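Coordinate inspection notes
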Amino acid sequence: MPKSYIINYDLRKQRDYDSLYKAIKSYGTWARPLESTWVIVTEQTAIEVRDYLSKYMDSDDGLLVVRSSGEAAWRSVDCKNEWLKEHL
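Below is a short write-up of the structure.

Conventions and cut-offs
Residues numbered from 1 in each chain as written. Predicted model: local features only at pLDDT ≥ 70, side-chain atom pairs only at ≥ 80, totals over all residues. Heavy atoms only, no water. Helix = DSSP H or I, 4+ residues; strand = E, 2+ residues; numbered from the N terminus. Rg over C-alpha atoms; globule rule 2.2 N^0.38 Å. Buried < 20%, exposed > 50% of the residue type's maximum accessible area, 1.4 Å probe, protein only. Contact = heavy atoms within 4.5 Å. Areas by Shrake-Rupley, 256 points an atom, 1.4 Å probe, with all protein chains shown as cover. Lys, Arg positive; Asp, Glu negative; His and termini not counted. Charge placed at Lys NZ, Arg CZ, Asp CG, Glu CD. Pairing = 2+ DSSP bridges. Axes fitted to C-alpha atoms, helices over the stretch in contact; angles between N-to-C directions. Polar contact = N/O pair within 3.5 Å; in protein donor to acceptor, adjacent residues only side chain to side chain.

1. Here's the deal with the overall build of the protein
What the protein contains, in helices and strands, is 3 helices and 4 strands. Tracing the protein from N to C terminus, the helices and strands come up as β-α-β-β-α-β-α. By the compact-globule yardstick of 12 Å for 88 residues, the protein fits well, its C-alpha radius of gyration being 13 Å. Overall, the C-alpha framework of the protein stretches about 35 × 30 × 20 Å when taken along its three principal axes. The proportion of buried residues among the 88 residues of the protein is 36%. In the protein, the proportion of contacts linking residues at least 24 apart, taken out of those at least 6 apart, comes to 67%. Counting only carbon and sulfur atoms, one obtains 46% of the accessible surface of the protein, whose full area is about 5,900 Å². With 13 positive and 14 negative side-chain charges, the protein shows a spacing of 1 Å between the two charge centroids.

This is the structure in structure tokens:
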């Protein structure tokens, strides 16, 4: 069953955003509510998502993948509220 994950990252030195963005978008169902925050829907585990995205990051970059609990609140996000309501 598909699950929603919130992804936060901090690219530190080389900052290859394009490769990371392509990797995140490859999940198919995604949104980018804030500049360094994405939400994806996948059947993978958080560990699998972390390991996959880590391939597109340097070893000193930070990455946090958290499964959504279904309860959320937000303000002034860069994606559609309807998408977040449906997928979180």
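2. As for the sheet that holds strand S3 (residues 37-42)
Taken in spatial order, the 4 strands make up an open sheet running S2-S3-S1-S4, and their pairing is antiparallel. The strands lining the two open edges of the sheet, one partner per strand, are strand S2 (29-34) and strand S4 (62-67). Put simply, the sheet's adjacent strands are angled 25° from each other on average, direction ignored. When strand S1 (residues 3-10) meets S3, the two strands line up antiparallel, connected through 6 bridges. Considered in S3, the bridge of Tyr-5 is made with Ile-40. Against the sheet, helix H1 (residues 17-25) touches S1, S2 and S3, its axis set at about 35° to S3. In the packing of helix H2 (residues 46-54) onto the sheet, contacts are made with S1, S3 and S4, and the angle to S4 comes to roughly 155°.

3. Section: the side chain of Thr-42
Within the secondary structure, Thr-42 is located in strand S3. Residue classification places Thr-42 among the buried residues on the basis of a relative accessible area of 10%. Polar contacts involving the side chain of Thr-42 include one to the main-chain amide nitrogen of Gln-44, which spans 3.1 Å. In contact with Thr-42, not counting residues within four places along its chain, are Met-1, Pro-2, Lys-3, Tyr-5, Tyr-27 and Val-49.

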